[in-house]
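Fold and geometry: a report
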Number of protein chains: 2
Amino acid sequence: MTSSDLTRNQQVVLKALSGSNVPLSAYDILDLEQVRDQGLKAPLTIYRALDKLQALELVHRIESLNAFVACDHGPHSEPVGFMSCDRCRKTIELPVGACEDVLRSSAKANGFKLDRITVEVSGRCTDCVEGT
Amino acid sequence: MTSSDLTRNQQVVLKALSGSNVPLSAYDILDLEQVRDQGLKAPLTIYRALDKLQALELVHRIESLNAFVACDHGPHSEPVGFMSCDRCRKTIELPVGACEDVLRSSAKANGFKLDRITVEVSGRCTDCVEGT
DNA sequence: ACATTGCCTGTTATATCATTACATAACCGG
DNA sequence: CCGGTTATGTAATGATATAACAGGCAATGT
Ligand SMILES: [Zn+2]
Ligand SMILES: [Zn+2]
Ligand SMILES: [Zn+2]
Ligand SMILES: [Zn+2]
């Protein structure tokens, strides 16, 4: 399945996220003119599109923000984390393969079999590093 | 400030979390008999106690679960992450100082100044590693 | 004593995030 | 055509979290 196989709703949602420089919640997406104009008007419509896009790794969910971003790095060979500026919300992907190794052995030492990892970092981007 | 300085509400909430072997949401806490019996009956009462307990590092929030756990390791010298079993919900703390180092330099390479890190891992505990 | 301050509390309402339930349509391989 | 799967529409509800405002209560300074 490639991105050209996306349904109309999925395309609309993906485009909304791609066009944003910050993570958007499902309701943020729903409120966009470009989305409303396409006839999407119920939360479930957005969430269903997001579910599919996440499964395709075209979109990531950021747990600590309850928000979503378009993937800007194509298929991932290693797990991905996120770094968000807590002033301007700018968010970038961080490869976290190195973390995964550490975590996997740490989990193993505690008798856990690791499945999924969530790594989310907040701080300040270059533009925002000074000031409020 | 020590834990003996906690207010009544804070003590009730902390005790509820300490007595659970799985993370609890604010509403889970609110629904507990032992909590209701103490007169706590509004979500805000629970959230306020949780805020304070988190500030004291007596309680941690797990972003990916929207839930809270009592800290079982006292004051932390390094950042802490969590490993949760996605079948039985058992959750343990994982020290993530090693991850922090990796993330800090990765963030720095991208012009970010790192502040707070969230590391949450899911998988299966020993008891649950086989089966559904 | 009195006012000031800070912190905790109670109550109500509201905001924000996400899913359930059920019906309908579209698509595809027998 | 039939039966299975996937996508969609619509409405209602559930789950998580905060806003706004009033009042209590102890510590502090004068
Ligand atoms: Zn990505
Ligand atoms: Zn910024
Ligand atoms: Zn802890
Ligand atoms: Zn388990």
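My aim in this report is to walk through the structure given alongside it, one point at a time. All residue numbers refer to positions counted from 1 along the written sequence of the respective chain. As a convention, the first chain written is A and the first ligand written is 1, with the rest following in written order. Confidence filtering applies because this is a predicted model: local features only for residues at pLDDT of at least 70, side-chain atom pairs given and counted only at 80 or more, and all residues used for totals across whole chains, interfaces and linings. Side-chain numbers here rest on the full set of heavy atoms in the structure, without hydrogens or water.

The next point concerns the coordination of the zinc ion (ligand 2). Residues and elements named next belong to chain A. For Na, K and Ca the donor cutoff is 3.2 Å, while for all other metals N, O and S atoms count as donors only within 2.8 Å; water does not appear among the atoms, so some sites may look incomplete. Those donors, Cys85 (SG), Cys88 (SG), Cys125 (SG) and Cys128 (SG), are the protein atoms that reach the zinc ion (ligand 2), and they lie 2.3 to 2.4 Å from it. Geometry at the zinc ion (ligand 2) is tetrahedral, judged from the 4 donor atoms that bind it and their angles of 104 to 114 degrees at the metal. Ordering the donors of the zinc ion (ligand 2) by residue number gives the pattern C-x2-C-x36-C-x2-C. Taken together, the residues Cys85 in strand 3 (residues 80-85) and Cys128 in the segment after strand 5 (113-124) connect sequence positions 43 residues apart. Each member of the pair Cys85 and Cys128 is classed as buried. All geometry calls rest on donor angles, where a four-donor set with angles between 85 and 135 degrees is tetrahedral, four- and six-donor sets with opposite donors more than 155 degrees apart and all others between 65 and 115 are square planar and octahedral, and all else is irregular. Secondary structure elements are defined from DSSP: runs of H or I of at least 4 residues count as helices, runs of E of at least 2 residues count as strands, and each element is numbered from the N terminus. The buried label applies to any residue whose accessible area, calculated with a 1.4 Å probe on protein chains only, is under 20% of its type's maximum; exposed applies above 50%, and partly exposed to all values in between.

To obtain each axis, a line is fitted to C-alpha atoms, and for helices this fit is confined to the stretch in contact; angles are then taken between N-to-C directions over 0 to 180 degrees. Where helix 5 (residues 97-109) of chain A meets helix 5 (residues 97-109) of chain B, the axes come as close as 9 Å, and the angle between the chain directions of the two elements is 175 degrees. Judged by the angle between their axes, helix 5 of chain A and helix 5 of chain B are roughly antiparallel. Every residue of helix 5 of chain B that contacts helix 5 of chain A at Ala98(A), Cys99(A), Val102(A) and Leu103(A) is listed here: Ala98(B), Cys99(B), Val102(B) and Leu103(B). Convention used here: angles under 35 degrees read as roughly parallel, angles over 145 as roughly antiparallel, angles from 65 to 115 as roughly perpendicular, and any remaining angle as oblique. Every residue pair with non-hydrogen atoms within 4.5 Å of one another is taken to be in contact.

Taken together, the side chains of Tyr27(A), Leu44(A) and Tyr47(A) present a nonpolar region at the surface, about 300 Å² in accessible area. For Leu44(A), the location among the structural elements is in helix 4 (residues 43-55). Here, patches come from residues exposed beyond 30% relative accessible area and free of salt bridges, joined within 9 Å for like charges and within 5 Å for nonpolar side chains (Val, Leu, Ile, Met, Phe, Trp, Tyr). In these tables, accessible area is a Shrake-Rupley quantity obtained with a 1.4 Å probe, and a residue counts as shielded only by the protein chains included in the view. Every case where a carboxyl oxygen of Asp or Glu lies within 4 Å of a side-chain nitrogen of Lys or Arg is listed as a salt bridge.

Before going further, it helps to examine the protein's contact with DNA strand D. Around DNA strand D lies a shell of 14 residues, among which Lys41(A), Arg48(A), Tyr27(B), Leu44(B) and Arg61(B) are the nearest. We call a residue near a molecule or strand whenever a single non-hydrogen atom of that residue lies within 4 Å of it. For DNA strand D, the fraction of atoms within 4 Å of the protein that belong to sugar or phosphate moieties is 40%. Here Asn9(A) contributes a side-chain N or O atom positioned 3.4 Å from a phosphate oxygen of DNA strand D. Definition of a polar contact: a pair of N or O atoms within 3.5 Å, with one able to donate and the other able to accept a hydrogen when the atoms are protein atoms, and with sequence-neighbouring residues admitted only if both atoms are side-chain atoms. Contacts to DNA strand D include Arg61(B), whose side-chain N or O atom sits 2.5 Å from a phosphate oxygen. Mapped by element, the contributors of at least two residues to the surface near DNA strand D are helix 4 of chain A together with helix 4 (43-55) of chain B. Looking at the surface near DNA strand D residue by residue, the classes come out as 5 nonpolar, 5 polar and 4 charged. All amino acids are sorted into three groups, where Ala, Val, Leu, Ile, Met, Phe, Trp, Tyr, Cys and Pro are nonpolar, Asp, Glu, Lys and Arg are charged, and the leftover types, Gly among them, are polar.

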